[in-house]
Amino acid sequence: MIRTLLARAGLVATAAFAATVLTAAPAAAHGADAPDGTDYRTRATGVTPQRPGLEVRVVEAGARLELTNDTGRAIEVIGYSGEPYLRVGPDGVFENSRSPATYLNRTIAGDTALPAEADPAAPPTWRRIADGSTARWHDQRALWQESAPPAQVRAAPDREHRVRDWTIPLRDGADPVTIGGTLDWVPPPDAYTWWAVTIVGLLAVGALGLVAAAAPAGARALSALGALLVVGGALAVGYPVGRELDAGAHGVGGVLVGLLSGQIWSLLTGLGAIAAGWYALARRPAADFVVTLAGACVALFAGVGNAAVFARSIAPVPWPPELARVMVALVLITGTGATAAGVLRLHAAPKTPAPTGPHPTGPR
């Protein structure tokens, strides 16, 4: 019985992992390449000269810039060769299919091959890509594209460094406008410390599985596991919500669309952990199995999937990176700890004896 339940849990987790891999490929192909963390802090300092109704901010941990134009006039973003690249105005967002920036900015690495039609000297050919008055794009001028850090960072990696001040030209009719910003190196945290704290915590939670399930203390241990899963599940849901807000999602609808299209498994496993926690708190039948499965899924998809923040100074959420690391650590502690405790409780469960009775005898 126990082996059957554990085998089913493994099959469910494997199927979920395969589905995540398969569904992630199309998202990445459409430019959804926000980093899980970075050591470069990109900031926009403003627009010069100021234009009321024109706002710029950095989203996705610095991976993209977001320009919102409520001036009532069309504003052009200028590409790398001085050509019109984007046009944002009251009639929507357009990109110039002749601009090399249209293709180079499809990915954060800027490695898209240029088609033959890309010619910055050619008259622009505008193609509508979005409604509304907000555009988001990768821009190599605001990013560090080299694989190795700058020289000053290599010389003193434990200090914060200004890598450069950057500018991006705009055009408001015939008037030049400039977006200004900064790019800084921020020393990463000690990932070993975060992993050590996480491992100690998950071992402590897993130790709840050593309490005999049939004893009164065993029932209290199950309730504690349920409460921890509710907390871990809530954090597992809250973290991807933060990622969507950092990516520029507006309102409940925008956040929900982003979650369903790009972070569905983190959302589902977080909600599943909350449901499993309440199930355990109610001490329902097979609660140990439910706790084991839910803990494994939330640890894998919401914990390990976001653990890059342990080694990165900038997290892709709109709150301090230290808080992001605490959230991910608690998801891993509650998820993995609940899995270990559930497995221990399942193995310690009394085995159902095989039915006994008189054996039928055949004719002699």
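Rules of the game
Residues numbered from 1 in each chain as written. Predicted model: local features only at pLDDT ≥ 70, side-chain atom pairs only at ≥ 80, totals over all residues. Heavy atoms only, no water. Helix = DSSP H or I, 4+ residues; strand = E, 2+ residues; numbered from the N terminus. Contact = heavy atoms within 4.5 Å. Pairing = 2+ DSSP bridges. Axes fitted to C-alpha atoms, helices over the stretch in contact; angles between N-to-C directions. Expected span 1.5 Å × (residues − 1). Salt bridge = Lys/Arg side-chain N within 4 Å of Asp/Glu carboxyl O. Buried < 20%, exposed > 50% of the residue type's maximum accessible area, 1.4 Å probe, protein only. Core = buried A, V, L, I, M, F, W, Y, C linked by side-chain atoms within 4.5 Å.

Bringing the environment of Ala221 into the picture now. Along the chain, the position of Ala221 falls in helix 5 (residues 216-246). In the structure, Ala221 is positioned 13 residues away from Leu208 in sequence and 5.7 Å away in space, judged by C-alpha atoms. With residues up to four places along the chain from it excluded, the contact list for Ala221 reads Leu208, Val211 and Arg345.

So, about the sheet that holds strand 2 (residues 54-59). Strand order in this open sheet of three strands is 2-3-8, and the pairing throughout is antiparallel. The open sheet is flanked by strand 2 and strand 8 (134-137), the only strands paired with a single partner. On average, adjacent strands in this sheet sit at an angle of 15 degrees to one another, irrespective of strand direction. Bridge analysis of strand 3 (residues 64-69) against strand 8 gives four bridges, and the strand direction is antiparallel. In the strand pairing of strand 8, Leu67 is matched with Ala135.

Right, let's get into the sheet that holds strand 7 (residues 126-130). Read across the open sheet, the seven strands follow the order 1-10-9-4-5-6-7; overall the sheet is antiparallel. Since the sheet does not close on itself, it has two edges, and those belong to strand 1 (40-48) and strand 7, each with one partner. Taken over all neighbouring pairs, the strand axes of this sheet differ in orientation by 25 degrees on average, direction set aside. By the bridge criterion, four bridges tie strand 6 (residues 92-96) to strand 7 in an arrangement that is antiparallel.

Along its 31 residues, helix 5 runs 46 Å from first to last C-alpha, staying within 8% of the 45 Å computed at 1.5 Å per residue. Gly248 sits one or two positions beyond helix 5 and adopts a positive phi of about 105 degrees.

Right, let's talk about the pattern of salt bridges for a bit. All told, the structure shown has 19 salt bridges when counted by the stated rule. The salt bridge partner of Arg64 is Glu60, with a shortest N-O separation of 2.9 Å. Judged by relative accessible area, which is 11%, Glu60 ranks as buried. With a closest N to O distance of 3.2 Å, Arg171 and Glu76 form a salt bridge. Linking Arg171 in strand 9 (residues 161-172) with Glu76 in strand 4 (residues 75-78), this pair joins segments that are 95 residues apart in sequence. With a relative accessible area of 30%, Arg171 lands in the partly exposed category. Residue Glu76 is classed as buried on the basis of its relative accessible area, which comes to 18%. Residues joined by salt bridges that share partners form a network here, namely Arg41, Glu160, Arg162, Asp165 and Asp184.

Glancing now at the pairing of strand 4. Alternating residues of strand 4 divide into Ile75 and Val77 and Glu76 and Ile78, and every residue in both groups is buried. Of the strand pairs in this sheet, strand 4 and strand 5 (residues 84-89) are connected by four bridges, and their pairing is antiparallel. Across the sheet, residue Ile75 finds its bridge partner in strand 5, namely Val88. Linking two consecutive strands that pair antiparallel, namely strand 4 and strand 5, is a turn of five residues; a positive phi of about 85 degrees is found at Gly82 within it. Of the pairings in the sheet, the one linking strand 4 to strand 9 comprises three bridges and is antiparallel in character.

Right, let's talk about unusual backbone geometry for a bit. Geometrically, the link from Thr48 to Pro49 is a cis peptide bond, its omega value of -10 degrees lying close to zero. Inspection of the secondary structure puts Pro49 in the loop between strand 1 and strand 2. One non-glycine residue, Ala61, lies in positive phi territory at about 55 degrees. For Arg283, which is not glycine, the phi torsion reads 55 degrees and is therefore positive. Residue placement: Arg283 occurs in the loop between helix 7 (264-281) and helix 8 (287-303).

It is worth spelling out the nonpolar core at this point. In this structure, Leu229, Tyr239 and Phe310 are the most contacted members of the largest nonpolar core, which totals 26 residues. Those elements giving two or more residues to this core turn out to be helix 5, helix 7, helix 8 and helix 9 (321-348). No other element matches the seven residues that helix 9 contributes to this core. Other than its neighbours up to four places away in sequence, Leu229 contacts Ala273, Ile274, Ala276, Gly277, Val291, Ala294, Gly295, Thr334 and Ala338. Judged by nonpolar contacts, the second largest core, of 25 residues, contains Val47, Leu65, Leu67 and Tyr85.

Limitation: the analysis is restricted to geometry and does not speak to function.
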